[in-house]
Every structure is written in C-alpha cells, then in structure tokens.
Amino acid sequence: MTLTARQLTLATLDRQLLLERKRLDVAEAVRQVCAVQAQAPASPYLALWNRVEGFVPEDLDAAFTDRRIVKATLMRITLHAVHADDYAPYHAAMVRSLRASRLYDRRYTSTELREEDADTLLPRLAEFLARPRTGADVEAEFTESLGGDVHRLWWALRTYAPIQHTPTGGPWSFKLPNTYRASAVDPVDETKDAAAGVRRLLLSYLRAFGPASAPDFARFTLLGRPVITQALSELGDQVVRVPGPARAALFDLPDATVPAEDTPAPPRLLPMWDSTLLAHALPGRVMPQEYRPLVVRRNGDMLPTLLVDGQVAGVWRAADGGLELTAFRKLDKAAWRGLTEEARKLAALLADRDPAPYSRYNHWWDKGIPGVESRTVKGE
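These lines cover the structure that appears in this document, whether it is placed above or below.

Rules used in this analysis
- Residues numbered from 1 in each chain as written.
- Predicted model: local features only at pLDDT ≥ 70, side-chain atom pairs only at ≥ 80, totals over all residues.
- Heavy atoms only, no water.
- Helix = DSSP H or I, 4+ residues; strand = E, 2+ residues; numbered from the N terminus.
- Rg over C-alpha atoms; globule rule 2.2 N^0.38 Å.
- Buried < 20%, exposed > 50% of the residue type's maximum accessible area, 1.4 Å probe, protein only.
- Areas by Shrake-Rupley, 256 points an atom, 1.4 Å probe, with all protein chains shown as cover.
- Lys, Arg positive; Asp, Glu negative; His and termini not counted.
- Charge placed at Lys NZ, Arg CZ, Asp CG, Glu CD.
- Axes fitted to C-alpha atoms, helices over the stretch in contact; angles between N-to-C directions.
- Parallel < 35°, antiparallel > 145°, perpendicular 65-115°, else oblique.
- Left-handed = near helix turned anticlockwise from the far one by under 90°.
- Contact = heavy atoms within 4.5 Å.
- Nonpolar A, V, L, I, M, F, W, Y, C, P; charged D, E, K, R; others polar.
- Pairing = 2+ DSSP bridges.

**Comments concerning the overall build of the chain**
Part 1 of the argument: Counting its secondary structure elements, the chain contains 16 helices and 13 strands.
Part 2 of the argument: Over its C-alpha atoms the chain spans a radius of gyration of 21 Å, differing by no more than 12% from the 21 Å that the globule rule assigns to 380 residues.
Part 3 of the argument: Per-residue burial for the chain yields a buried fraction of 54% across its 380 residues.
Part 4 of the argument: Just so you have it, the chain exposes about 16900 Å², and 50% of that area is on carbon and sulfur atoms.
Part 5 of the argument: Across the chain, the centroid of the 49 positively charged side chains sits 4 Å from that of the 48 negatively charged ones.

**Considering the packing of helix 12 (residues 214-221) against helix 13 (residues 225-235)**
Part 1 of the argument: At a closest axis distance of 10 Å, the pairing of helix 12 and helix 13 adopts a crossing angle of 125°. Here helix 13 runs oblique to helix 12, going by the angle between their axes. Helix 13 is crossed by helix 12, and the crossing has right-handed handedness. Packed against helix 12, whose contacting residues are Ala-214, Pro-215, Phe-217 and Ala-218, the element helix 13 presents Arg-225, Ile-228 and Leu-232 at the interface.
Part 2 of the argument: Classifying every residue of the contact of helix 12 with helix 13 gives six nonpolar, no polar and one charged.

**Overview of the packing of helix 5 (residues 84-103) against helix 10 (residues 150-160)**
Part 1 of the argument: Across the interface, helix 5 lies against helix 10 with an axial gap of 8 Å and an inter-helix angle of 160°. Classified by the angle between their axes, helix 5 and helix 10 sit roughly antiparallel to one another. As helix 5 packs across helix 10, the resulting crossing turns out to be right-handed. Seen from helix 5, the contacting residues are His-91, Val-95, Leu-98, Arg-99, Ser-101, Arg-102 and Leu-103; seen from helix 10, they are Trp-155, Ala-156, Thr-159 and Tyr-160.
Part 2 of the argument: Considering only residue class, the contact of helix 5 with helix 10 consists of six nonpolar, three polar and two charged.

**Remarks on the environment of Val-295**
Part 1 of the argument: Note on placement: Val-295 falls in helix 14 (residues 292-295).
Part 2 of the argument: Between the C-alpha atoms of Val-295 and Met-272, which are 23 residues apart in sequence, the distance is 9.5 Å.
Part 3 of the argument: Excluding residues that lie within four positions of it along the chain, Val-295 makes contacts with Met-287, Asp-301, Met-302, Leu-303, Thr-305, Val-312, Val-315 and Phe-328.

**Focus: the pairing of strand 11 (residues 311-319)**
Along any regular strand, the residues point their side chains to alternate faces of the sheet.
Part 1 of the argument: Buried residues dominate strand 11, accounting for eight of its nine residues.
Part 2 of the argument: Where strand 10 (residues 305-308) lies against strand 11, four bridges are found, and the strand directions are antiparallel. Among the inter-strand pairings, Leu-306 is bridged to a residue of strand 11, identified as Gly-314.
Part 3 of the argument: The turn joining strand 10 and strand 11, which pair antiparallel and follow one another in sequence, is formed by two residues; a positive phi near 50° is taken by Asp-309.

Okay, structure coming up:
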C-alpha cells in the first residue's frame, strides 16, 4: 500500500515522540530521536519536555555534566546534543563536510595558512583541551606560534576537530563564554570510519525520521548525494524501499511501522529550530508551505512553533509573565484548549528556570507576526 502524506507526517511525529510522550531516560530519548538541535541553550530542554513523560530539567543537567549527552557541531554545521555513544560515528560521518566548510571558506583561505597548518595542530589542540578551556584560552595558547591568524584558525578547528562543548552553568547548562573539551575520538580514517559513520547516522536517521528519501537525509545532514547513495548501497537489506506519494524513493527500516492515517496528533509547543522541522526536504512534513516565511526568517532563525493536529499552526514566545500564542489560522475551541493546557505546563517549567529563554528574538515579533488570533497563557 502506498503511504500517504498524512501517514508520513504521523510517522515522523511518532518516531519523534510527538504523538505520545514516553517515560524514558533523557539520554535514551536523545538517542531515539537521533539528535536534538542545540543552537539555543534552552532548545534541548524544551525539545525533551515535549517528548519525555515526567521530564525533569535536572536530569538533562546531569546528563550534560556526566557527558552521557554531549553537545557538538555536527549535522548541518550546527550544534546538536547527541548520545555520547553516537558522537564518534556521527562525527566521522560529518568530519569531511565540516572540515571543507571551514578550510575552503574565504575567511580561512584569505589567510596565509594552509589546510595542513590546521590539520597538524589537531594533536596539540587535543592535548591542550584535555580539560575545559574557553576560546580565548585557545587563542592565547597558539598566538605566539601562529600570530595574527590564530582567530580564524580556531574558527575552523572548533568546527571540525573532535571537540565538544562543556557545561558552564546557567539555567540551561551552557552560557557564554563557551568552553570546549577534546573528545576521546581517535583521528578519523577518512575512508573506513567515515563510510561506517554515514551508515550508522543514516540508520539512526531513519529510525527517528523515516520513511525518508535521499534528499531528506541530505537536507538533515548537508552530506552530498554520492556519499548517501553509497551508504544506501552498502546497507543492503538493512533498509527497504517503501512506496510514497511523491516521486523520490522512500527508504525505511525493515521492522518499522507507520501509524494509521486517522491517528490523532496532540498539540505541542516546539522550541526554536526543532529537528522535526529540519529533517526533510522542502516543504517538509509538518510545515504548511504558506507559513514557512512566517516561521523561518531570512537570516535562518526558526521561531518556536505551535503544532495543531501535526501541522505548524502558529508561533509562541514568552510575554507578560506567561506565553503568548499566535495562530496563523482560525483554530477551533478544542485546539485552543489543548494548546492552552500545554502552554500552562511549559510556562510553569520556564518560570523555574528562565521565564523568557528566547527573548533575544523578540525583534521578529516587533516587526510584526501576521496572526489571526493571539492569546496569553499564564503558568500553572
């Protein structure tokens, strides 16, 4: 039977724990959803609050501190929180792309440094980052030997070297200035380890976002199509093709299931840059095309969203001691009732940590959000 667009949406929501919160250890929850976008410090917390039954922020604090969950630059050259055991293969999968994004960039090539100058510093950098250091510490350490180009060198290295961010405190574990620590990852064999890493990442991706196409996986990672095609070929019968509503071939795990088309999807208040909105080729599965310009701003900022029946229906922000919910379309009473209940619980969680985690992005609302209706909800 050919899967419908609605079933693909429900499959994504189900595998992302957005159809029903599950009682899981936070590290296992992160592993189940592949990775959690961590560009904003609050986002991993809010992502897991949406997915884990009885989520306690202190559990995520502890997981970051114990390094059971690590934060590093990975897919899409963006910060992600991943299970510690997944970091090495994910990094191996992404390192060539991460490296190229910096060493071939004119901000690096305009210096007199060569690619080899960066690569040969990796062992020394790993030794220096055996304990947490700030970027300023790193630049000071290398300035004498490298001179004025050290800033751009560090800009490149902190993206592709096996480096993780370390907690610095604050309401969401990480605050400026960032501190960094070398991971235990050995130097990558760019033929063997990278290929195995792509296969591992692709299987994790399908488990978390499938059924999905090669362009979907490319969108999630920014890996090239030849690399993805090779991984699909090497995985053999570990993946299967499934029929879908579009021309692009869909792949999935052999034992994966897809919810029935009439499965209801509960309301959710997703954080900024939630991975669910970034995991598939445009237009995606939960974002109506006409709302994309309202949610995804020109500079790439992706505002916190309201999900109604599995589709983005508006945005939210902290305001007036609670949460301001703005709907892009007319919502019925049941939808507002569900969103209000979620908002009360989220506002209560934020009140104990940081009542306005995304306040620096309020300028987008100041410029005008063309909603049909807005409501402010106070915490429980």
